[in-house]
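Overview (structure and organization)
Each chain, written out:
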Amino acid sequence: MILPKFNYKKAEDIAAAIALYEKAKGRARYLAGGTDLIPRVKLRLSTPGTIIDLKGIEQLHTISRQRGSLIIGANVTLFELKNHDVVKNHFPALYESLDATSCETLQMRGTIGGNILQNTRCLLYNKSLEWRTARGFCYKMGGESCNVVPGASECFSNYCSDNALSLLSLSASVNLAGPGGERKIKLEKLFSGNGRDPFTMRPGEILTEIRVPVKASSGAYEKLRVRNAIDYPLLGVAVSIRNGSGRVCVGGIGPAPRVYPLKDLSKTSLKEVAQHARQEAKPVSNAALSPGYRKKMVQTLTQRAVKRALKEEK
Amino acid sequence: MSDDLNIVGKRVVRSDTLAKVTGQARYTADLKFPNMLTAKVLRSPFPHARILGIDLSRALKVPGVKAAISGFDAYGVKWGVFRYTQDHAMLPTDKVRYVGEDVAAVAAVDEETALEALSLIKVDYEPLPAVFDPEEAMQEGAPQIHEAYQNNINIHVHIDVGDVDRAMAEAFLVREDTFKAAGEAYAMMEPYAVVASYANGFLELWMPNAGPHVRAKALSNLLKMPLNRVRVRHIYSGGAFGGRSEVSPGDLVASLLSIKAGRPVKLVLSREENATSTRQIHDMIATVKTGMSRDGTIVAKDYRVIYDGGAYSSTGPIATSIPFYVYEECYRFPNVRYNGYRVLTNKGIRGMYGCHGRAFLAGNESQMDLMAKELGLDPVDVRLKNGLSSGEMTATKSLITSCGLAQTIARASESTHFKEKWPKAKRGKGIGMGCIAIMCGFPMGFRSGSACYVKMNDDGQATIVTGVVDNGQGNESVVIQVASEVLGIPMEDINLINADTEATNLDPGAYSQAATFVGANAVRVACENARRKITAIAAEKLGVPAEDLDLKDRMVFSMTTPDKKMPVRWIVREAFFRGDPIAATGSYFPKIDIEREWVSRPWGQMAGTFSFGTSVAEVRIDSHTGRITVPRFTAAHDCGRPINPMAVEGQMEGSIQQAGIAAIMEGNLWDHGFLLNPDLLEYKVPLACDMPEIDTIIISSMDPEGPFGAKEGGLTIRMNAYSAIACAVTNATDALFTELPLTPDRVLTILERKKGVKK
Ligand SMILES: Cc1cc2nc3c(=O)[nH]c(=O)nc-3n(C[C@@H](O)[C@@H](O)[C@H](O)COP(=O)(O)OP(=O)(O)OC[C@H]3O[C@@H](n4cnc5c(N)ncnc54)[C@H](O)[C@@H]3O)c2cc1C
Ligand code: SF4
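The structure reproduced in this document is the subject of the present report.

The rules behind each value
Throughout, residues of each chain are indexed from 1 in the direction in which the sequence is written. Lettering for chains starts from A, numbering for ligands starts from 1, and both go in the order in which the items are written. For this predicted model, a pLDDT threshold of at least 70 governs which residues receive local features, and a threshold of 80 or more governs which side-chain atom pairs are given and counted, while totals over whole chains, interfaces and linings are taken from all residues. Excluded from the side-chain calculations are hydrogens and water; all other atoms, namely the structure's heavy atoms, are used. Contacts: residue pairs with any heavy atoms within 4.5 Å of one another. The term buried area denotes the loss of accessible surface (1.4 Å probe radius) that occurs when two parts are joined, taken as the sum for both partners. Any carboxyl oxygen of Asp or Glu that lies within 4 Å of a side-chain nitrogen of Lys or Arg is treated as forming a salt bridge with it. A 3.5 Å cut-off defines polar contacts: any pair of N or O atoms within that distance qualifies, except that in protein one atom must be a possible hydrogen donor and the other a possible acceptor, and neighbouring residues in sequence count only when both atoms are side-chain atoms. By definition, any uninterrupted DSSP run of H or I lasting at least four residues is a helix, any uninterrupted run of E lasting at least two residues is a strand, and each is numbered from the N terminus. Any residue with a heavy atom lying within 4 Å of a molecule or strand is counted as near it. Residue classes follow a fixed rule: Ala, Val, Leu, Ile, Met, Phe, Trp, Tyr, Cys and Pro count as nonpolar, while Asp, Glu, Lys and Arg count as charged, and any other residue, Gly among them, counts as polar. Here, Shrake-Rupley sampling with a 1.4 Å probe gives the accessible areas, and only protein chains in the shown set may cover a residue. Expected helix span is computed as 1.5 Å times (number of residues minus one). For every residue, the accessible area (1.4 Å probe, protein chains only) is compared with the maximum for its type, and the residue is labelled buried under 20%, exposed over 50%, or partly exposed between those bounds. Note: two strands are recorded as paired if DSSP finds a minimum of 2 bridges between them. To define axes, lines are fitted to C-alpha atoms, for helices over the stretch in contact only, and angles between the resulting N-to-C directions are given on a 0 to 180 degree scale.

1. Digging into the interface of chain A and chain B
Across the boundary between the two partners, chain A contributes 28 residues, which contact 33 residues of chain B. Summed over both partners, the interface of chain A with chain B buries about 2900 Å², with 59% contributed by carbon and sulfur atoms. When the shortest N-O distance is used, the salt bridge between glutamate 112 of chain B and lysine 5 of chain A registers 3.4 Å. Joining chain A to chain B, the criterion identifies 17 residue pairs in polar contact (both at pLDDT 80 or more). Among the elements of the structure, helix H8 (129-135) and helix H11 (291-313) of chain A are those that each provide at least two residues to the side of chain A that touches chain B. Examining the composition of the side of chain A that touches chain B, we find that six residues originate from one element, H11 of chain A, more than from any other.

2. Remarks on the site of ligand 2
In the neighbourhood of ligand 2, the contacting residues comprise Cys122, Tyr125, Cys138, Tyr139, Lys140, Cys146, Asn147, Val148, Cys155, Phe156, Ser157 and Asn286 of chain A. Its residues assigned to classes, the shell around ligand 2 shows eight nonpolar, three polar and one charged.

3. Brief notes about the site of ligand 1
Residues and elements named next belong to chain A. Around ligand 1 there are 34 residues in total, and Tyr30, Gly33, Thr35, Thr111 and Asp162 lie nearest to it. In the model, an oxygen atom of ligand 1 is placed 3.2 Å from a nitrogen or oxygen of the arginine 29 side chain. Surface burial for ligand 1 is 93%, taken as the share of its 960 Å² of free accessible area covered by protein chains. Contributions of two or more residues to the shell around ligand 1 are made by strand E2 (28-31), helix H7 (112-116) and strand E8 (206-213). Element by element, the count of residues in the shell around ligand 1 is highest for E2, at three residues. Classifying every residue of the shell around ligand 1 gives 17 nonpolar, 11 polar and six charged.

4. Thoughts on helix H11 (residues 358-374) of chain B
All names here are of chain B. With 17 residues, H11 should cover 24 Å at 1.5 Å per step; its first-to-last C-alpha distance of 24 Å lies within 8% of that length. In terms of residue burial, H11 counts as a mostly covered element, since 15 of its 17 residues are buried. Once H11 finishes, glycine 376 follows within two positions and takes phi at roughly 80°, a positive value.

5. Focus on unusual backbone geometry
Note that the residue after leucine 740 of chain B, namely proline 741 of chain B, is joined by a cis bond; omega there is 0°. Within the fold, proline 741 of chain B resides in the loop between strand E31 (739-740) and helix H21 (744-755). For arginine 44 of chain A, which is not glycine, the phi torsion reads 65° and is therefore positive. Of note, arginine 44 of chain A is situated in the loop between helix H2 (37-42) and strand E3 (50-53).

6. Some points on the sheet that holds strand E15 (residues 298-310) of chain B
Residues and elements named next belong to chain B. The six strands lie next to each other as E7-E16-E15-E14-E8-E31, forming an open sheet whose pairing is mixed. Of all strands in the sheet, those with a lone pairing partner are strand E7 (153-161) and E31, marking the two edges. Of the pairings in the sheet, the one linking strand E8 (residues 173-181) to E31 comprises two bridges and is parallel in character. By the bridge assignment for E31, lysine 180 is matched with glutamate 739. Against the sheet, H11 makes contact with E8, strand E14 (283-292), E15, strand E16 (336-344) and E31, and its axis sits at roughly 150° relative to E8, the strand it touches most.

Don't take any of this as a statement about function, it's just geometry.
Structural data, given as structure tokens:
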């Protein structure tokens, strides 16, 4: 499959990137590692007139510590991040999710910013234009219905970032810079919950950095997949615990991850969280394993992740 | 045959290795010719629709477009492997029968132009009701896909030996179970590609194929062109596994475009097109009824198997038969009835596969284990008791001439401590065994045999010319190794011309396990004939009898007085002087019953010989998630004498991946007529990290007919590795599977059913 024609621009700094975006009148896409974007463009799921390459922006490439936070530039690769001392020593959930992301080859190319901002997925959506045209366009392609759940009024595509889940469990926040200025939001505020357009990013905004409070945590990441590498999560559960309380984050089902606080570590509240997460999960037949199974596994893997996190805690 | 061989049986570096590891090997998509055009195919968006009209005129007006075609530009000939299955026009003019079917095509100066032109082709369709489930398709009133096949039953293979009903009634233990399996994808690394070049009335073609001669013949029919004008050339192939055995719509498309444009045309399918629009593997529903006597002897088998054939016949009669035959070639069935139905549906065409039949075979084997257990036997006992041995006849009257089945069972079970582990299985841990036999070659009329031509060149090197084709399994290296052994010259002294219909002779092709047994046998015979010419001259020159002469390291020497020797090169030159150069032909035709026919006469000698194999899988099951892991896999294979043990082991390892580990993850997913996983991300081919520790055991049974005693390498493991996995799961759960692949959701259901948990 060949790429369609587009303009390719490389930005030197953030301001220049935003200026390029404005010049392209919104028909532009930012490019980091390209592992999500390029396949989408090939499939004609995204048809940007201009692609603005952010890889040359030095500022987005750094990891630093400031006022008790680890500041991760959006262009840091998953592999670099996985091998960073703070991640290894303080954020076990993040370390595990990074390690479980696809395979090392991809980790060396894919960035953390791109990982968080990867689009949602569906077996009936990530297909060639010919396939989709024959099947008929669904909501996420501008059509009038969902092809998986006829009659539904929403899109159930799945958000498949492994690492957003562990970052959420670690109470991360993100910095955005755009034509309208800069803002800082909690990571959970980045998700719209709408499968058609899963992020709350404003046009032209660039994700510049991810901030994670540096406090030692215990944690774990559990991932449901068929093969031991390459596969996207069919379900992901991240747990991080700090000083007797923590956060559980469930993703891979539906367009936005869900966060559950662990107020205490009593057996009953742990059980409640796992059950609650299961009840709330609404998988549909748009991924490799059956929806009933994926729903059941929400509870199983949540329990498993919590158990592992607690083991470390002791 | 003496056992002190120099080259055969040795772990030699394959002749194609260097080209492949250095990236020098050229595949079809790598070919570039002056003025070559790029082709693109317009495909059906409907699973079933009448074609009311196809308008190519706007496409033809796009600058850079040099040709556009549809079925109306073809010759109205339909392809079929058999006379009674000629139903595939390749480019239909009446109706489309699956999503992705080839409808029209263009050739242009580049891909972008071709894509633009495609979008301008107008096809008028009248959508028709479609059917996707084979059992529904068999019902009265279901949409009829071809007029010729009532109730969409494309092929019915009926075999009835002995008195099944009586034996079943008298059996001590009877069990009937139904097993399903999703069809697989060949998932060969090379998506289909073809280059066609028409000039001066000759059509040259390059494409991955498993039999250049049958391919050329099919195209000569489809194009109404004399066979000598269609030349299929040699090219490296990136995998076949049964998926490249027949002529493909792309071959016709590229040929028609090249004929129209008068320029070479290259068509390369995308990964998605390769999955949706080239043949894939049958979904299957197998009902297996078995009667056993109190001592575990199988007294009767009664089968009903439904194969989802997709839209056309393809290799239908063969595909509907093979799972049964490989099983009856392994075990003794005094009474057996087989009803195999290949049913047409509005899905992509289904073809033969190296691992074809997993629902049927894994179902049989795991059911046998449960029955044996009930009778107080273990899987080893019951297999040894029912397994065939040398000198016996199969139920459909094939004589087994060499058989290492019992040894494969014994060696595989010893090395895994099977007999100790099996009774101690606990929830979450199991061990299982699968056995099978495979015919090496099968009747294909006058194409069942192979012929080879060998000539010695002036420096004492040789050129061998054979139709044997290599799809990556190492057939080229095998024939070179055989020639090297016979001629006493190193492998690097041998030039191979193969799989080129202009130069090479007829050969069965690489899809009936015949390449070594038949093709290399012909090479052996040709080289022996050349060798006799060499020794005749040498005997004269050295003054010793020809029988005393041997060839080794480029020398002819006397075995009794080794000082008496001379280089082969001298003899070759001497022969040139005498005006009678050293050159020879040789052929091999297997001892088979040529009257045998898949549907009308399913009995008689199937093949010249049979190979055997036993696989043992050890599995762990996560009782909370149902996830299977396979820590260890052992495979024992009677391949006759291995020509190159390293290559045989490679085939066995690949088989463990492609059939064994695949049994827990691979399967096509469908949304009505739409294939949901036509890619390598959602179609789960096992990865390196999913692979078990592997132990391969070669049982060298020395076949009396095979070249140096060889049979075939690896296919038995492809046909029993899934059985070992399924049996291991049965051992761990004490229950039968109902559907393959054994993905964690299905395994969890088995565990919960056993525990009595509600969903
Ligand atoms: C075979 C395969 C398997 C995969 N498996 C997994 C997996 O198991 N788990 C997982 O989590 N992911 C998986 N992925 C997704 C993979 O794309 C991400 O993991 C990767 O990190 C994305 O990063 P990137 O830099 O390549 O993103 P890009 O493709 O460059 O960008 C992704 C999106 O983010 C936007 N973007 C990127 N950077 C910025 C920025 N700074 N500001 C604003 N917008 C930006 C782009 O415009 C694009 O829309 C897989 C991908 C492939 C191809
Ligand atoms: S869930 Fe429905 S609407 Fe969303 S991408 Fe899949 S088919 Fe389209």
